[in-house]
Amino acid sequence: MFEPEIETRPWAEQREQDDALYREQIRYLFAKSRFFRDKLTAAGFTTPEAVGGLDDISALPLTEKDELRRSRSEADPIGTHLAAPMEEVVRIFSTSGTTGIPSYIPLTAGDLDNWVRTSCRSYAASGVSPGQRIVTTYNAGPFVAGAALDAFPRLGLCHIPVGTGNTERLLAAIKLLKPQALACTPSYALHLAEIGRDRGLDLRGSSIERIMVAGEPGGGEPAMRTKLQEAWNARVTEAMGIGDISVSLWGECEHQQGMHFSGRGFVHFELIDPETGAPVPVADGAKGELVLTHLRHRGAPLLRFRTRDHAVIWTEPCACGRTSPRVRCIGRTDDMLIVRGVNVFPSAVREVVNRFAPAVSGVISIRPSAKGVKQAPPLKVVVELAEGAAPSDDLRERIERDMRATLVVSTAVQLVPAGTLPRSEYKSKLLDFSEATSDANGDA
Ligand SMILES: [Zn+2]
């Protein structure tokens with residue numbers, strides 16, 4: 001454990017400390033953040049006292065990424081949520097953004113240090129120990145992942161970065177430098193396993209004991225995890241962060257029961273109903289969208305930021321001794337489809353398909369018939385068969401039946417030979433709109 005005293009603190013005690021930090025953060029926002037002073041005032045909260053403490057947080061308005069984007073101008077390139085003087089900002093990360101103009105994420109020295117500590121807690125949870133070597137496949141560049149990579153030397157690990165899309169360099173590093181840990185996306189870990197099989201490499205006999213996956217859901221899906229662990233003879237744990245708030249905010253421990261919250265004392269999390277915005281009580285098994293609030297951030301702190309990540313949460317004690325709740329990400333709102341009123345996450349479709357391993361390869365492609373979110377049933381799902389597996393109507397029907405039973409959605413499964421669908425060295429694209437013919441939302 002990276003910070004045992006903090007990580008085993010009773011959660012109720014944490015909440016008390018966080019409440020005090022939150023009140024201080026709200027005072028800071030009123031004093032320094034034009035964006036939140038205006039937003040809170042417009043919502044009828046004219047003083048920090050009117051905002052109150054964490055118990056009252058759900059009365060405050062939510063913050064959307066688009067609002068932050070709209071507050072940018074030539075005079076305010078970062079946005080009016082910038083709260084620290086630029087002289088105190090030591091790093092500015094950016095996100096790629098869909099509009100072509102990057103979103104900037106400014107950090108003070110203290111912010112950066114808190115991010116690295118958060119990442120250290122998350123990565124230490126996976127079981128890596130000082131003196132070990134970790135090979136990573138992330139292209140940090142301008143992205144927040146850079147701060148997560150700063151965690152490795154602080155944990156006493158030897159970091160071997162090989163970057164994205166460098167399979168030969170990665171395989172050489174594994175063979176020659178014998179790292180004990182590998183960090184990559186679950187899609188890439190799966191892709192590497194296939195390459196290893198095709199080339200007759202003994203990945204099971206390699207030095208890799210742990211695979212830390214991040215960047216997309218998948219590592220926590222039981223069938224996917226089993227497949228990766230068997231291919232590599234290694235333990236697979238997940239981590240997850242969100243650029244605007246913190247990198248590696250959640251990290252799974254060796255008990256593999258979901259990702260522990262690692263941002264305690266720095267960030268407060270809530271769950272909401274994504275449709276209505278209503279709070280969902282944090283209780284064992286609760287599901288909702290994660291909403292995050294900085295507690296001691298200086299650069300550009302955010303209040304009730306909507307992550308668009310849908311998660312299930314567990315609050316029962318974990319055998320590792322960490323007292324923070326655990327989550328598993330079910331999917332992103334941005335990828336969600338609505339099929340005749342039912343919310344469908346692509347990663348959940350893949351999870352059902354993966355139950356049919358070893359008959360399937362684990363790679364799927366969902367082909368919506370209409371542009372946009374709403375779809376008329378059946379939803380077309382292209383499922384790749386495993387190497388050497390033959391297509392059968394029986395398998396197709398069993399997958400469709402399981403999909404209906406589990407996700408309450410009608411699908412049309414099309415089985416294709418192994419190797420038909422594209423592989424990814426980064427994140428998998430589970431949705432393919434190339435067959436979407438209409439803008440109409442049909443009768444969905
Ligand atoms: Zn644990």
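Conventions adopted
Residues numbered from 1 in each chain as written. Predicted model: local features only at pLDDT ≥ 70, side-chain atom pairs only at ≥ 80, totals over all residues. Heavy atoms only, no water. Axes fitted to C-alpha atoms, helices over the stretch in contact; angles between N-to-C directions. Helix = DSSP H or I, 4+ residues; strand = E, 2+ residues; numbered from the N terminus. Parallel < 35°, antiparallel > 145°, perpendicular 65-115°, else oblique. Contact = heavy atoms within 4.5 Å. Nonpolar A, V, L, I, M, F, W, Y, C, P; charged D, E, K, R; others polar. Donors = N, O, S within 2.8 Å, 3.2 Å for Na, K, Ca; no water. Tetrahedral: all angles 85-135°; square planar, octahedral: opposite > 155°, others 65-115°. Buried < 20%, exposed > 50% of the residue type's maximum accessible area, 1.4 Å probe, protein only. Salt bridge = Lys/Arg side-chain N within 4 Å of Asp/Glu carboxyl O. Core = buried A, V, L, I, M, F, W, Y, C linked by side-chain atoms within 4.5 Å. Pairing = 2+ DSSP bridges.

S.K.: Lay out the packing of helix α9 (residues 167–177) against helix α10 (residues 186–199) in plain terms, naming residues and giving numbers.
M.R.: Packing of α9 against α10 brings their axes to within 12 Å, and their N-to-C directions diverge by 75 degrees. With respect to each other, α9 and α10 are oriented roughly perpendicular. Side by side, α9 and α10 meet where T167, E168, L170 and L171 of the first sit next to Y188, L192, I195 and R199 of the second. Of the residues contributing to the contact of α9 with α10, the split by class is five nonpolar, one polar and two charged.

S.K.: Quick one: what's the story with the coordination of the zinc ion, residue by residue and with numbers?
M.R.: Distances from the zinc ion to its protein donors, C253 (SG), H260 (NE2), C318 (SG) and C320 (SG), fall within 2.1 to 2.3 Å. Coordination at the zinc ion is tetrahedral: its four donor atoms span angles of 100 to 116 degrees at the metal. Each donor residue of the zinc ion lies on the same chain, and together they follow the pattern C-x6-H-x57-C-x1-C. We note that C253, like H260, is buried.

S.K.: Residue-level account of the packing of helix α2 (residues 11–32) against helix α3 (residues 34–42), with values.
M.R.: Two elements in contact, α2 and α3, have axes separated by 6 Å at closest approach and are oriented at 100 degrees. Taken as axis vectors, α2 and α3 run roughly perpendicular relative to one another. Where α2 approaches α3, its residues L29, F30, A31 and K32 are matched on the opposing element by R34, F36, R37, L40 and T41. The residue inventory of the contact of α2 with α3, partitioned by class, reads five nonpolar, one polar and three charged.

S.K.: With reference to specific residues and values, describe the pattern of salt bridges.
M.R.: What the rule picks out here adds up to 34 salt bridges. Between R398 and D394 there is a salt bridge whose closest N-O contact spans 3.3 Å. Residue R398 and its partner D394 are located together in helix α13 (residues 393–407), separated by four residues, close to a single helical turn. A relative accessible area of 36% means that R398 is categorised as partly exposed. Take D394: its relative accessible area is 45%, and that puts it in the partly exposed class. Its salt-bridge partner being E397, residue R396 comes within 3.9 Å of it at the nearest N-O pair. By relative accessible area, E397 is classed as partly exposed at 38%.

S.K.: Give a description of the nonpolar core that names residues and reports values.
M.R.: Judged by nonpolar contacts, the single largest core of 36 residues is most densely connected at Y22, V51, L60, I245, W250 and L303. At five residues, the largest contribution of residues to this core is made by α2. Apart from the residues within four sequence positions on either side, V51 is in contact with Y22, I26, F30, L40, F45, D56 and L60.

S.K.: Which residues make up the pairing of strand β13 (residues 305–314), and what are the values?
M.R.: Side chains on a regular strand alternate between the two faces of the sheet. Burial runs high along β13: eight of the ten residues are buried. Taken together, the five bridges between strand β12 (residues 287–294) and β13 define a ladder with antiparallel strand orientation. The residue bridging L292 from the neighbouring strand is F305, located in β13. Bridge count for β13 against strand β14 (residues 326–332) is six bridges, and the pairing is antiparallel. Each residue of the ladder has a partner; that of W314, found in β14, is R326.

S.K.: Which residues make up unusual backbone geometry, and what values do they have?
M.R.: Residue P358 is reached from A357 by a cis peptide bond, and omega for that bond is 5 degrees. Here R308, not a glycine, exhibits a phi torsion of approximately 70 degrees, which is positive. Structurally, the position occupied by R308 is in strand β13. Positive phi is not limited to glycine here, since R340 has a value of about 45 degrees. Following the sequence through the fold, R340 ends up in the loop between β15 (337–339) and β16 (342–344). Note on R340: relative accessible area 52%, which makes it exposed.

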